[in-house]
Amino acid sequence: MFNNETLQKILLNYLYRSAAHPSPEELNILAENISRLSNLFTRDRANLRTEYPKDKYIRKAYIPYFLQSNLYKVHIPLRELSLHPANIFMTDRLRILDLGSGPGTAILGISEYFHQSGYKPFLDFYAIDNISENLRDAEALFNLLRNEYSIEGSIKTFKSCIEKVKNLPAGPFDIIILSNILSEVAHNKPERIAKRGAILKRFIEDFLNDSGSCIVIEPALRKTSREMLEVRDKLLKDGFHIYSPCLINKDCPALENPKDWCHEDIPWNPPELIKSIDALTGLWKDSIKFSYLVIRKDTLSLTDIHGEHSFRVVSEPLISKGKIEFYVCGSMGRRLIMRLDKDRSGLNKAFEEMKRGDIVILKGFINEGNRLKVSFETFLHQHTKSTAINLSNSGL
């Protein structure tokens, strides 16, 4: 894994021609622009596409703050793709198309993943963005990280928006990624879901190879996450298949309740600069939140890997007097699962350690109709995030 402090020094040296911590004056200016950019990413998102391209100061603020956490978002879908039985990463070369690349956040994240994994393909990146400065940053930062960590790869850049791509490099590609860009298409317009679905359909059908993967990453905001799920359902109706995170290939049950949405939340220990910025802005960057989809041309999904009794944990623990509950999602839909404190045993004591995003395998549970129940005899074996947690009845 890239060392956070080393990465921070590379980014600061690129921005300020010095790896030293910014001066108090520079830090205050940086914090002010990060606050402005944070507002554009959240409550003022309608103005993001107009304000971000023309303001070099907030674009510059993105790199030392948001880039460092956002680059890790792609690790979860890549880790789940590594479970594919065809060993799709066991290859000499991967051609990767990054649509709406920005300053290369996903490119650096993919580079970092393969740097620390057992897979060492040559990474052939193609970055598409409509802002020339973003493309210059993406190329420069990739080359700096490539030299620092001896990454085998190359990058080519192309200026274009994703709605009307010009001068697109020839396909097919092994990975197509859209990171924090799809929700900007037709923002707040009635036709936004149809347009976003059409963009994905075009790139998957025309530019993704038969064994390739399309990864969509979106902010964890309720609105952007739910709209991504609407696009997901549209793709299913068009005959596409979801590899992950979903364990069902039918309409998303989270959309049944307007208060529900689905997202990841990964703990993160930020470098000192980000902690200093948080102290000035009131922001709190101690975890990485995002929503994602992985679409493939084959029909395989994580359910085929983990089994038909698998469920995804889609909530934080809900702790009340005498019990712990989680929401899980799988073939039975989005369901509440509960364990009474009196039913805690050596076999199921890890139940309270389950985390959002984990996959659990449930066998022999008690179906009470409106919820599922873990009994005293239920056996639970926990693995790390995004690998299976085996949860089965000890008598089975």
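Here, every reference points to the structure presented above.
Notes on the structure follow.

Description of helix α7 (residues 132-149)
No. 1: Taking 1.5 Å of rise per residue, the 18 residues of α7 would be expected to cover 26 Å, and the 26 Å separating its terminal C-alpha atoms lies within 8% of that figure.
No. 2: When α7 is considered as a whole, its buried residues turn out to be N134, L135, D137, A138, L141, F142, L145 and Y149. With its buried residues spanning 155 degrees around the axis, α7 presents them on a single face. Every exposed residue of α7 that faces more than 90 degrees away from the buried side is listed here: R136 and N147.
No. 3: Contact partners of the buried residues in α7: α1 (4-16), α3 (48-54), α4 (56-70), α6 (105-116), β2 (122-129) and β3 (153-159).

Things to note about the side chain of R59
No. 1: By secondary structure assignment, the location of R59 is in helix α4.
No. 2: Assessed through its relative accessible area of 9%, R59 is described here as buried.
No. 3: In contact with R59, other than residues within four places in its own chain, are Y52, P53, K54, I131, E133 and N134.

Notes on helix α9 (residues 222-237)
Helical geometry: 3.6 residues make up each α-helical turn, so side chains three or four residues apart lie on a common side.
No. 1: Taking 1.5 Å of rise per residue, the 16 residues of α9 would be expected to cover 22 Å, and the 23 Å separating its terminal C-alpha atoms lies within 8% of that figure.
No. 2: Among all positions in α9, only T224, S225, R226, E227, M228, L229, V231, R232, D233, L235 and L236 are buried.
No. 3: On its buried side, α9 packs onto α8 (192-207), β5 (208-218), β6 (241-244) and β8 (287-296).
No. 4: Backbone geometry just after α9 places G239 at a positive phi near 100 degrees.

Some thoughts on the packing of helix α2 (residues 24-41) against helix α10 (residues 272-281)
No. 1: With their axes 9 Å apart at the nearest point, α2 and α10 run at an angle of 70 degrees to one another. Considering the angle they form, α2 stands roughly perpendicular to α10. Across the interface between the two elements, L27, N28, L30, A31, I34 and S35 from α2 touch L273, S276, I277, L280 and T281 from α10.
No. 2: Split by residue class, the contact of α2 with α10 holds 7 nonpolar, 4 polar and no charged.

Here we look at the pattern of salt bridges
No. 1: Tallying each qualifying case throughout the model produces 24 salt bridges.
No. 2: For E191, the salt bridge goes to K195, with nearest N and O atoms at 4.0 Å.
No. 3: Connected through shared salt-bridge partners, R192, R196, K223 and E227 make up one network.

Things to note about the pairing of strand β4 (residues 173-179)
No. 1: Of all 7 residues in β4, 6 are buried; the element is thus mostly enclosed.
No. 2: Sheet analysis places β4 next to β5, joined by 6 bridges and oriented parallel. Residue pairing for β5: I175 is matched across the bridge by S213.
No. 3: Crossover connection from β4 via α8 to parallel β5: handedness right-handed.

A word on the nonpolar core
No. 1: Formed by 67 residues in total, the largest nonpolar core has its most connected members in L78, F89, F114, F125, I215 and I277.
No. 2: Looking at this core element by element, the count peaks at 7 residues for α4.
No. 3: Excluding residues within four positions of it along the chain, I277 makes contact with L27, L30, A31, I34 and Y65.
No. 4: Of all hydrophobic cores here, the second largest spans 36 residues; its members include L182, V185, I199 and A254.

The rules we used
Residues numbered from 1 in each chain as written. Predicted model: local features only at pLDDT ≥ 70, side-chain atom pairs only at ≥ 80, totals over all residues. Heavy atoms only, no water. Helix = DSSP H or I, 4+ residues; strand = E, 2+ residues; numbered from the N terminus. Expected span 1.5 Å × (residues − 1). Buried < 20%, exposed > 50% of the residue type's maximum accessible area, 1.4 Å probe, protein only. Arc of directions from axis to C-beta. Contact = heavy atoms within 4.5 Å. Axes fitted to C-alpha atoms, helices over the stretch in contact; angles between N-to-C directions. Parallel < 35°, antiparallel > 145°, perpendicular 65-115°, else oblique. Nonpolar A, V, L, I, M, F, W, Y, C, P; charged D, E, K, R; others polar. Salt bridge = Lys/Arg side-chain N within 4 Å of Asp/Glu carboxyl O. Pairing = 2+ DSSP bridges. Right-handed = clockwise from strand over helix to strand, strands pointing away. Core = buried A, V, L, I, M, F, W, Y, C linked by side-chain atoms within 4.5 Å.

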